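Next come the chains, spelled out residue by residue.
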Amino acid sequence: MTAWYTDSTFYHIYPLGLAGAPKKNPYPWPEEAPAEPSDLISAPMEELLQWIPHLKRMNFTAVYIGPVFESTSHGYDTRDYRLIDRRLGNREQFAEFVSQCHKNGIRVVIDGVFNHTGREFFAFRDIMDKGSDSPYTSWYKGISFDWNSPMGDPFGYEAWRGIWELPCLNLQNPQVKEYLKDVIRFWVSEFDIDGIRLDCANVLDFQFMRELRLLSEELKPDFWLMGEVIHGEYGRWVNDEILHSVTNYEMHKSIYSAHNDHNYFELAHNVLRLQAVGRSLYTFLDNHDEDRIASKLNNSDHLKVIYTLLYTLPGIPSVYCGSEWGIEGKRTNSSDEALRPRILPEEAREKENSELSSHIRRLGEIRKTFSALHGGSYEELLLTNRQYAFLRTAEDGSRLIIAANNDSCDVSLTLPCPCADGWVSELLSGQRISVSSGTLSFTLLPDSGAIFCIDEVSS
C-alpha cells in the first residue's frame, strides 16, 4: 500500500495573498501585544473554510498552505513560529480549518520556514537589544561585532541571498535544532497537520534534516517531509534518511518548454532521468514564486494537455490556486504580487464548470480511481517532437496508456497494447477504441491528450 502523499493530488494556497491580507503586519509587537486580538482586520481563516467544498469537488485530496507563521510582511520573515499570522486569524480558526479538511478527506501540509527568521523574531531582537551579551548570538550565522549591517545594526550577520530582513539561523546549533523540532511537535499536537514543506531545503543543513526525518517518524508514521529544492541532484535529499520528496523544478521547466518548443524529447529525458530517484517528487506547473502557467505557455491551447501530463506522469501533482481556470500572472524584478492575488471562494466555485476546471476535475477523478497513477511504474511507448505516449502500471497489475499531442493538427497513432483484441475505454472522452493484434490505433485531436484504461477490454 502506498503512502497517502503518493496517492494525493495537492491544491496549493498562498493564504496571505488569497485573503488579501495587508502587505505589512499592522499588529503591534513585541509579545506584550495581545497574541490573538479580538479586533481582527478580517477573518480570512473563516473564508478559507469556504474553499474546502471547492477542493473536494475538484478532487483535490491534500492542501499545501503556507506560510502561516506570524510574520512581518510576506510570510517568510517569521516573528513567531507558534502563532498563526494574525492577518489570517487565530489558533481556533486554523484548528477548525484543519479539522474540516480532515473530515472531507483532505490532508494539510504547511510551510516550515527554518532557514531564516525575520528581524522581529525574539532571538534576533535580543541580539539587537543586548549585543554580545545576548545568549542568542550563536543562534544565527555569521554574527560579528566587527562590522555594521546595512540595516544599521552594530553587528553583522549572514542574510539569505543578501536580503537583510532575513537573517540566517545556525542550524548546527543544538539549541536552535531543538527549538525548531519543538515547533513541529507543537503544530502536530495542536493542529494535527500531516506534513511540512521545508522552505529553502536546498541550503538547509543535512544533519538537521536527518533529525527531522527521525522526528517525523516519531510524530506520525506517515508524516510527510517535502523540501523546496530548485537545482541539484534530487537523490541527495530524497532518500530513506532525509526527505520523502522535493519540489520537482526540473519537471516544471521541461513540461512547459516541451510544449513551447514542440520538443517532447526534453520532457521524456527528464522523466527517465528522475526515475533514478525512485520516489514520488512533488510536481507542479506554477506556484507562488513562478509565473502562472497560462502566462508561460506560448499557446493557451496547450493548457489541457499540459494538465493531462501533470496528472499522469510519475509524481505527486499540485495545482496552484486559481490556475485551475487559467489565471495569468507574471512576476516583476521587484514584486511577486501578480502571482499571489486576492481570490474569493465564490470565484472558484463559479469557475468550476469552465472548460479547464472541468478537465482538471475529471483528471482528479481518474487519479483517485486508478492505482497505476499512485507511484506506478513508467514505460515509454512513443516519442517524437510533437507526440508522446507512455504506459503506467500499478503493483496490482492495473494499467493505463497515456498519449499526448502538442501539434496544431490531428495525428493518427498506433501503439503497442498489452491486452487482447477488443475495445478499451478512453477515460477523458468516454469513447471506445479498438485493440487489434496487440495494437491500439486512434486519432489524437490537436493540442490534446488521451488516457486509455486497457484492463477493461470488451469484445
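Details of the structure are given in the entry above.
Since we're looking at a predicted model, the values are computed, not measured.

### A word on the pairing of strand β17 (residues 439–444)
Inference 1: Here β17 shows a buried face lined by L440, F442 and L444 and an unburied face lined by T439, S441 and T443.
Inference 2: Taken together, the six bridges between strand β14 (residues 411–416) and β17 define a ladder with antiparallel strand orientation. Within β17, the residue paired with L415 across the bridge is L440.
Inference 3: Of the pairings in the sheet, the one linking strand β16 (residues 432–436) to β17 comprises two bridges and is antiparallel in character. Residue pairing for β17: V435 is matched across the bridge by L440.
Inference 4: In textbook terms, the turn of a hairpin is the stretch between consecutive antiparallel strands, and for β16 and β17 this stretch comprises two residues, one of which, S437, has a positive phi near 55 degrees.

### Considering the packing of helix α5 (residues 91–103) against helix α7 (residues 174–191)
Inference 1: Between α5 and α7, whose axes approach to 10 Å, the crossing angle comes to 70 degrees. It follows from the interaxial angle that α5 and α7 lie roughly perpendicular. Residues R91, F94, A95 and V98 of α5 lie in contact with α7, whose contacting residues are F186, W187, E190 and F191.
Inference 2: Residue classes in the contact of α5 with α7 are distributed as six nonpolar, no polar and two charged.

### Some remarks on helix α9 (residues 249–260)
Inference 1: With 12 residues, α9 ought to run about 16 Å at 1.5 Å a step, and its terminal C-alpha atoms sit 17 Å apart, in line with that.
Inference 2: For α9, the buried fraction is high: 11 of the 12 residues fall into the buried class.
Inference 3: Of the positions making up α9, those classed as buried are Y249, E250, M251, H252, S254, I255, Y256, S257, A258, H259 and N260.
Inference 4: Of the surrounding secondary structure, the elements contacted by the buried residues of α9 are α10 (264–274), β9 (282–284), α11 (293–296) and α12 (303–312).
Inference 5: Following α9 by one or two positions, H262 adopts a phi angle in the positive range, close to 50 degrees.

### A look at the sheet that holds strand β6 (residues 195–198)
Inference 1: A sheet is described by the order of its strands in space; here eight strands give the open sequence β8-β7-β6-β5-β2-β1-β10-β9, paired in parallel fashion. The sheet is open, and its two edges are formed by β8 (245–246) and β9, each paired on a single side.
Inference 2: When strand β7 (residues 224–227) meets β8, the two strands line up parallel, connected through two bridges. Bridging from a neighbouring strand, M226 pairs with S245 of β8.
Inference 3: Running over the sheet, α5 touches β2 (62–65) and β5 (107–112) and is turned about 140 degrees from β5.

### Some words on the layout of surface pockets
Inference 1: Looking at the largest pocket, its volume works out to about 1,000 Å³.
Inference 2: Counting residues per element, the ones that place at least two in the lining of the largest pocket are α2 (15–18) and α9.
Inference 3: Residue classes in the lining of the largest pocket are distributed as 12 nonpolar, 11 polar and 13 charged.
Inference 4: The space that makes up the second largest pocket amounts to roughly 500 Å³.
Inference 5: Lining the second largest pocket are 22 residues; nearest its centre among them are L428, S429, L445, S448 and G449.
Inference 6: Elements with a contribution of two residues or more to the lining of the second largest pocket: α12, α14 (355–369), β17 and β18 (448–458).
Inference 7: A per-element tally of the lining of the second largest pocket places β18 first, with four residues.
Inference 8: For the lining of the second largest pocket, the class distribution of residues is nine nonpolar, eight polar and five charged.

### Side note on the nonpolar core
Inference 1: Within the largest apolar cluster, 129 residues are counted, with the highest numbers of intra-cluster contacts made by F94, I110, F114, W187, L267, Y307 and Y388.
Inference 2: Of all the elements, α7 adds the most residues to this core, at nine residues.
Inference 3: Setting aside residues no more than four positions away along its own chain, Y307 makes contact with L285, I293, V319, S323, E324, L356, I360 and L363.

### A few points about helix α6 (residues 122–130)
Inference 1: Those residues of α6 not exposed but buried are A123, F124, R125, D126 and I127.
Inference 2: In the segment just after α6, G131 is the residue with positive phi, at about 60 degrees.

### Regarding the side chain of K181
Inference 1: Assignment of secondary structure puts K181 in helix α7.
Inference 2: Here E178 takes part through its side chain, which lies 2.8 Å from a polar atom of the side chain of K181.
Inference 3: Only 3.0 Å separates the side chain of K181 from the side chain of E211, close enough to count as a polar contact.

### Focus: the packing of aromatic side chains
Inference 1: Following the criterion strictly, the structure yields 43 aromatic pairs and no others.
Inference 2: Look at F122 and W139: their rings are 5.8 Å apart centre to centre, the planes differ by 75 degrees, and that puts the pair in the edge-to-face class. On the criterion of sequence distance, the pair formed by F122 in helix α6 and W139 in the loop between α6 and α7 is long-range, its members being 17 residues apart.
Inference 3: A residue is classified by how much of its surface remains accessible, and W139, at 6% relative accessible area, is buried.
Inference 4: Aromatic pair F186 and W187: ring centres 6.0 Å apart, planes at 85 degrees, arrangement edge-to-face. Neither residue differs from the other here; F186 and W187 are each classed as buried.
Inference 5: Lying over the aromatic face of W237, R236 brings its terminal NZ or CZ to 4.9 Å of the ring centre.

What counts as what
Residues numbered from 1 in each chain as written. Predicted model: local features only at pLDDT ≥ 70, side-chain atom pairs only at ≥ 80, totals over all residues. Heavy atoms only, no water. Buried < 20%, exposed > 50% of the residue type's maximum accessible area, 1.4 Å probe, protein only. Helix = DSSP H or I, 4+ residues; strand = E, 2+ residues; numbered from the N terminus. Pairing = 2+ DSSP bridges. Axes fitted to C-alpha atoms, helices over the stretch in contact; angles between N-to-C directions. Parallel < 35°, antiparallel > 145°, perpendicular 65-115°, else oblique. Contact = heavy atoms within 4.5 Å. Nonpolar A, V, L, I, M, F, W, Y, C, P; charged D, E, K, R; others polar. Expected span 1.5 Å × (residues − 1). 1 Å grid on protein atoms, 1.4 Å probe; cavity = no way out; pocket = protein on both sides within 12 Å on 5 of 7 lines; lining within 4 Å. Points joined across faces, edges and corners; volume = space filled by probe spheres on them. Core = buried A, V, L, I, M, F, W, Y, C linked by side-chain atoms within 4.5 Å. Polar contact = N/O pair within 3.5 Å; in protein donor to acceptor, adjacent residues only side chain to side chain. Phe/Tyr/Trp six-rings, centres within 6.5 Å; stacked < 30°, edge-to-face > 60°. Lys NZ or Arg CZ within 6 Å of the ring centre and 35° of its normal.

Remember that the coordinates give geometry; whether it matters functionally is a separate question.
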